[in-house]
Amino acid sequence: MDADPALQMPARATVRSGSRRTQPIDDLVDHLTTQLLTGSQQYLIVAPPGAGKSLVCRLVFLALTSKGMKVPALVDLRGESLERAEELVRDRDLVVMDSLDELLASGTFTQVRQAVQDTTLGRADVVACRTHFYEQFLTGTPFVEGRTILEIKAWDIPTSERYMDAYQRHVFSNDDLSAVDELKRRLESPSVESLLSIPLRLNMALDLIPPGENNLPLELNSLSLHRQWIEQTLRNE
């Protein structure tokens, strides 16, 4: 079964720094792929957890690989030391690094500021981290000077609703979209709209409403959503 195009919606972003501040980018993966192949600009991708940073990094790497013009490296810093990362990027033309914040999560402010001066991190063409980590530790550092800061945009209601319909059709092979009607109605609440504007959380909510069931918490917030999703996952196992 072919995936509904709405399940493959491009990540959108805005430029957060420099002379092009607030400039919208309709397809972040395509934008980065083109810029990396034609220029020498470096980038930092920032977004909250679950907004799609890791997916963007992987798609950029795959797009660069498919072009065959340069040899890229993708390093997930969640599971690698700086020493291992240095080995992985050796002799690569382009470097994409994900999860900088998780590599340095245990460090103090001073330790993080020192760590980001490492030449291995500095040579990365694209680095991704959470927004709050960038704001707390990286602003004003040499690491971000000269980098274009790209912030992944949260989904608006029409985008979320299109995704809900596509998810129901593709995952459950079901054209009866009544199962997602209540979730759509709950988007009228600003707090729920904000909660589900993050793709990961929206997917978690959709997992809770398979055909014929509705396991959504009555009070839908981040804590209740995660708790209910974990409980259902454990029951299913």
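Structure: see above.
Each value, and the rule that gives it
- Along each chain, residues carry numbers from 1 onward, in the same order as the chain's sequence is written.
- Only residues with pLDDT of at least 70 are given local features in this predicted model, and only at 80 or more are side-chain atom pairs given and counted; all residues enter the totals for whole chains, interfaces and linings.
- Each side-chain value is worked out from all heavy atoms of the structure, with water and hydrogens disregarded.
- Put simply, DSSP H or I for four residues or longer makes a helix, DSSP E for two residues or longer makes a strand, and each gets a number counted from the N terminus.
- Atoms counted for the radius of gyration: C-alpha only. Globule rule: 2.2 Å times residue count to the power 0.38.
- Only protein chains enter the accessibility calculation, which uses a 1.4 Å probe; a residue is then buried when its area is under 20% of its type maximum, exposed when over 50%, and partly exposed in between.
- Two residues form a contact once any of their heavy atoms are found within 4.5 Å.
- Per-residue accessibility takes into account occlusion by the displayed protein chains alone, with areas from the Shrake-Rupley method and a 1.4 Å probe.
- Each direction from the helix axis to a C-beta atom contributes to the arc, which is the arc of those directions.
- With a 1 Å grid laid over protein atoms only, a set of points is called a cavity when a 1.4 Å probe fits there but cannot get out and a pocket when it is open yet has protein on both sides within 12 Å along at least five of seven lines; lining residues have an atom within 4 Å of a point.
- Grid points are joined across faces, edges and corners, and a volume is the space filled by probe spheres set on the points.
- Ten residues, namely Ala, Val, Leu, Ile, Met, Phe, Trp, Tyr, Cys and Pro, are considered nonpolar, four, namely Asp, Glu, Lys and Arg, are considered charged, and the remaining ones, Gly among them, are considered polar.
- Between N-to-C directions, angles span 0 to 180 degrees; the directions come from axes that are lines fitted to C-alpha atoms, helices contributing only their stretch in contact.
- Every angle not falling under 35 degrees, over 145, or within 65 to 115 is termed oblique; those three ranges are roughly parallel, roughly antiparallel and roughly perpendicular.
- Note: crossing handedness is left-handed where the near helix turns anticlockwise from the far helix by less than a right angle, and right-handed where it turns clockwise.
- Between rings of Phe, Tyr and Trp, where Trp is taken as its six-membered ring, a pair exists when centres lie within 6.5 Å; planes separated by under 30 degrees are stacked, by over 60 edge-to-face, and by other angles tilted.
- Distance and angle both matter: a charge sits over a ring if NZ of Lys or CZ of Arg is within 6 Å of the ring centre and within 35 degrees of the ring normal.
- Put simply, a disulfide is two cysteine sulfurs that come within 2.5 Å.
- Note on pairing: DSSP must find at least two bridges between two strands before they are called paired.
- Clockwise travel from the first strand over the helix to the second, with the strands pointing away from the viewer, marks a crossover as right-handed.

Draft legend 1. Examining the overall build of the protein more closely. Looking only at helices and strands, the protein features 12 helices and seven strands. Rg of the C-alpha trace for the protein: 19 Å, near the compact-globule value of 18 Å for 237 residues, within the 12% margin. C-alpha atoms of the protein, sized along the principal axes, occupy 55 × 40 × 40 Å. Residue burial in the protein is summarised as follows: out of 237 residues, 43% are buried. Considering only contacts within the protein whose residues lie at least 6 apart along the sequence, 63% involve residues at least 24 apart. Of the roughly 12300 Å² that the protein leaves accessible, carbon and sulfur atoms contribute 48%.

Draft legend 2. Molecular detail of helix α3 (residues 82–89). All buried positions along α3 are accounted for by L82, A85 and V89. In an axial view of α3, the angular spread of the buried residues amounts to 55°, which keeps them on one side of the axis. Those residues of α3 that are buried are in contact with β4 (72–76), β5 (94–98), α4 (100–103) and α6 (119–122). Just past α3, the residue D91 takes up positive phi, approximately 65°.

Draft legend 3. Examining the layout of surface pockets more closely. What the second largest pocket holds in volume is close to 200 Å³. Lining the second largest pocket are 13 residues, with P49, G50, K53, S54 and R78 sitting closest to its centre. When contributions to the lining of the second largest pocket are tallied by element, the ones reaching two or more residues are α2 (53–67) and α4. The biggest single contributor to the lining of the second largest pocket is α2, with three residues. Grouping the amino acids of the lining of the second largest pocket by side-chain chemistry returns three nonpolar, four polar and six charged.

Draft legend 4. Looking closely at the packing of helix α8 (residues 157–172) against helix α11 (residues 199–207). At a minimum axis distance of 11 Å, the contact between α8 and α11 shows a crossing angle of 50°. Considered as vectors, α8 and α11 are oriented oblique to each other. The element α8 and its partner α11 pack so that their crossing is right-handed. Between α8 and α11, the residues in contact are S160, Y163, M164, Y167 and F172 and L202, N203, L206 and D207, respectively.

Draft legend 5. Expanded view of the packing of aromatic side chains. Across all of its chains, the model carries four aromatic pairs by this definition. Geometrically, the ring pair formed by W155 and Y163 is tilted, given 5.1 Å between the ring centres and 55° between the ring planes. A residue is classified by how much of its surface remains accessible, and Y163, at 9% relative accessible area, is buried. Between Y163 and Y167 the ring centres are 6.2 Å apart and the planes differ by 45°, which places this aromatic pair in the tilted class. In this pair, Y163 and Y167 both sit in helix α8, four residues apart, roughly one turn of the helix. Y167 gets classed as buried once you look at its relative accessible area, which sits at 7%. Among the aromatic residues, those joined into a ring-pair cluster are F109, F133 and F137. Over the ring of F143 we find R147; its NZ or CZ atom is 4.5 Å from the centre of that ring.

Draft legend 6. Local environment of the state of the cysteines. One pass over the full model with this rule turns up zero disulfides. For C57, which is in no disulfide, the shortest distance to another cysteine sulfur is to C129 and amounts to 10 Å. The exposure class assigned to C129 is buried, which follows from its relative accessible area of 0%.

Draft legend 7. Structural view of the pairing of β4. As judged from the five bridges shared by β4 and β5, these two strands associate in the parallel manner. Residue P72 lies in a different strand from β5, and its bridge partner there is L94. For the crossover that starts at β4, traverses α3 and ends in the parallel β5, the hand is right-handed.

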